[in-house]
Amino acid sequence: MTLQDIQTDTPARDGTLRHASRNRGLFPSILDTIGRTPTVRINNLGPRHVELYAKLEAFNPMSSVKDRLALAVIEAAERSGDLKPGQTVIEATSGNTGIALAMVCAQKGYPLVIVMAENFSIERRVLMRFLGAKVILTPAAERATGMMATAERLATAHGWFLCRQFENNANIEAHRTTTAREILTDFSEEGLDYWVSGFGTAGTLKGVAEELKRKNPATQIVAVEPENAQMLNSDVLQPRLPDGRPARSHPNSRAHPIQGWSPDFVSIFAEQALSSGLIDRFQPVSGAAALQVARRLAALEGIFCGPSGGATMAAALEVAKTAPDGARILAMIPDTGERYLTTPLFDDVPVTMTAEEAKILASVPKPPRQRAQNRPDQEPVIPPQASAFVAAALADTDARVVMFGFEWCEFCWSVRKLFDLAAIPFQAIDVDSAELRKGDAGGQILRALFARTGMRTVPQVFIGGELVGGATEVLNAFEDRTLHARLAALPRPIRAQPVEDPLSLLPQWLNSAKGLG
Ligand code: PMP
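Overview of the structure. Keep in mind that this is a model prediction, so the values were computed, not measured. (Residues numbered from 1 in each chain as written. Predicted model: local features only at pLDDT ≥ 70, side-chain atom pairs only at ≥ 80, totals over all residues. Heavy atoms only, no water.)

1. Structural notes on the layout of surface pockets
Link 1 in the chain: Reported here for the largest pocket is a volume of approximately 840 Å³.
Link 2 in the chain: For the largest pocket, the lining is made up of 49 residues, of which Phe120, Ile258, Gln259, Gly260 and Trp261 are closest to its centre.
Link 3 in the chain: Every element with two or more residues in the lining of the largest pocket is listed here: helix 4 (96-108), helix 6 (143-158), strand 7 (194-198), helix 8 (203-215) and helix 11 (307-322).
Link 4 in the chain: When grouped by side-chain class, the residues that make up the lining of the largest pocket number 22 nonpolar, 21 polar and six charged.
Link 5 in the chain: Inspection of the lining of the largest pocket shows a minimum of three residues originating in each of domain 1 (3-62 + 169-238 + 254-337) and domain 2 (66-162). (1 Å grid on protein atoms, 1.4 Å probe; cavity = no way out; pocket = protein on both sides within 12 Å on 5 of 7 lines; lining within 4 Å. Points joined across faces, edges and corners; volume = space filled by probe spheres on them. Helix = DSSP H or I, 4+ residues; strand = E, 2+ residues; numbered from the N terminus. Nonpolar A, V, L, I, M, F, W, Y, C, P; charged D, E, K, R; others polar. Domains from an automatic or database assignment.)

2. Topic: the environment of Glu225
Link 1 in the chain: Turning to its location among the elements, Glu225 is positioned in strand 8 (residues 220-226).
Link 2 in the chain: Given the relative accessible area of 2%, Glu225 is considered buried.
Link 3 in the chain: Along the sequence, Glu225 and Gly207 sit 18 residues apart, while their C-alpha atoms lie 18 Å from each other.
Link 4 in the chain: Those residues in contact with Glu225 that lie beyond four places of it in its chain are Phe199, Gln230, Met231, Leu232, Asn233, Trp261, Ser262, Phe282, Gln283, Pro284 and Val285. (Buried < 20%, exposed > 50% of the residue type's maximum accessible area, 1.4 Å probe, protein only. Contact = heavy atoms within 4.5 Å.)

3. A look at the sheet that holds strand 4 (residues 112-117)
Within a sheet, neighbouring strands are paired by backbone hydrogen bonds and run either parallel or antiparallel to one another.
Link 1 in the chain: A sheet is described by the order of its strands in space; here four strands give the open sequence 5-4-3-6, paired in parallel fashion. The open sheet has two edge strands, strand 5 (134-138) and strand 6 (161-162), and neither has a second partner.
Link 2 in the chain: Taken together, the five bridges between strand 4 and strand 5 define a ladder with parallel strand orientation. Among the inter-strand pairings, Ile114 is bridged to a residue of strand 5, identified as Val135.
Link 3 in the chain: Here helix 4 sits on the sheet in contact with strand 3 (89-92) and strand 4, set at roughly 175 degrees to strand 4. (Pairing = 2+ DSSP bridges. Axes fitted to C-alpha atoms, helices over the stretch in contact; angles between N-to-C directions.)

4. Things to note about a negative patch on the surface
Link 1 in the chain: Residues Glu479, Asp480, Glu500 and Asp501 make up a contiguous surface patch of negative charge.
Link 2 in the chain: Structurally, Asp480 can be placed in the loop between helix 17 (471-479) and helix 18 (482-488).
Link 3 in the chain: Classification of Asp480 by relative accessible area gives partly exposed; the value is 49%. (Patch = residues over 30% accessible without salt bridge, like charges linked within 9 Å, V, L, I, M, F, W, Y side chains within 5 Å. Areas by Shrake-Rupley, 256 points an atom, 1.4 Å probe, with all protein chains shown as cover. Salt bridge = Lys/Arg side-chain N within 4 Å of Asp/Glu carboxyl O. Lys, Arg positive; Asp, Glu negative; His and termini not counted. Charge placed at Lys NZ, Arg CZ, Asp CG, Glu CD.)

5. Some points on the site of the ligand
Link 1 in the chain: Taken together, 16 residues are adjacent to the ligand, and Lys66, Gly200, Thr201, Thr204 and Ser308 come closest.
Link 2 in the chain: Here an oxygen atom of the ligand and a side-chain polar atom of Lys66 are 2.6 Å apart.
Link 3 in the chain: Taking Gly260, its main chain carries an N or O atom lying 3.0 Å from a nitrogen atom of the ligand.
Link 4 in the chain: If the ligand stood free it would expose 390 Å²; the protein chains cover 96% of that surface.
Link 5 in the chain: According to the grid-proximity analysis, the pocket containing the ligand is the largest pocket.
Link 6 in the chain: Both domain 1 (3-62 + 169-238 + 254-337) and domain 2 (66-162) contribute no fewer than three residues apiece to the shell around the ligand. (Near = heavy atom within 4 Å. Polar contact = N/O pair within 3.5 Å; in protein donor to acceptor, adjacent residues only side chain to side chain. Sits in = over half its atoms within 2 Å of the grid points.)

Here's what the structure looks like:
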């Protein structure tokens, strides 16, 4: 698919048709679902005298505006011959570009290496790796210029295709031919008075602003920067190398919480947008306002976005304050909030039940306690072959470490993870496996096990036929090295590899659940 296909795919002017076709029906591949994101009216957050809208880029398949750029850059390089079949692709990114490239490269079969500073959210790394990319982390202190230099060195050394999103014109083209056209279609009848956007590469800012201004010079372009790192909106020019790349950090650059915006330099596209008169106004936004508006968008509008979306909407709300009656204002919302669960955006969100929630639970009487399932008069019969199975498994000299458990059980997974990390060979008997389900063999084995050990939970871990206990006992025994002693005492001793903080392998909810009243 080409970008032209996206264009022709977007039926012009007819809103009904556009919405009916967006992301419905059969698509040749995931790449064909990129773009045609919805523009949504904001009803509860803003003042009444304006019409406020949000363009929701989270509707892209990997949930950010960068899906557009990734597809455009890769397909432009395929057309120019710069990218050969099977060649490795590499890019330096604050994350969303990497996630988008990982999707495009997965579909098209290119190996991908992403270089990213270590301070961008953990979700980003994990998503990229899940999609098959390799993620190289660079020190936070080296900032964006550092990660770009690393990508450059790797690309040169290995002959990889470097995407260069900060200088690649395909970035601008993607936004001119898709994002901008979608906006023009959405506002073809009423017109758009203000378009508000932040910038990282400024592909969105320059590409969209160019098209909007070309069609209607009266549309005001509002560029948003972090309040503490105003670089484009300053008298200091970005120092550049002869080829236009930044020579070093901009003196006004500062760390800020709006991931994806304003790296430690001004992109050449941002500078070009300013010098060609595309920017009518700057609107600085504080990190605190960005996070607060992202939270308000979620709570009052049901719109879930990241800090850059919150920052853009915060700027749009500032614009609204002085905009004339009936003005139509559109804010670009670049991605989803789900990418920031481990960041300060979620600092105020408790993991345990709050007092208020506990009160809701306590507002109805507790159901009567369930009677114990194993009342003596109903003690289940344990077939002798089930007891024999358990005895044989524990007597088996080849299976020196044995775990009885369930396939789905998180505690069993904690033990599995420990044994894998420590390189301890073990036999897992999953009583809920498809094989042992037949004729309730698994259930009978479990009852035989419970009868033998007197313990009524799983996993149950044995070393040399002796019970160690459940997940917590095993992890504790590893921590205090009594497990090592047992392994060493076996007729054929096992040497465990060191594992740092084994108790952290327990299910993560366990620690927070401990705080439950
Ligand atoms: N917000 C987020 C979350 C982003 O990842 C990016 C891209 N770096 C942007 C905004 C800015 O987009 P652009 O690079 O097109 O300026």
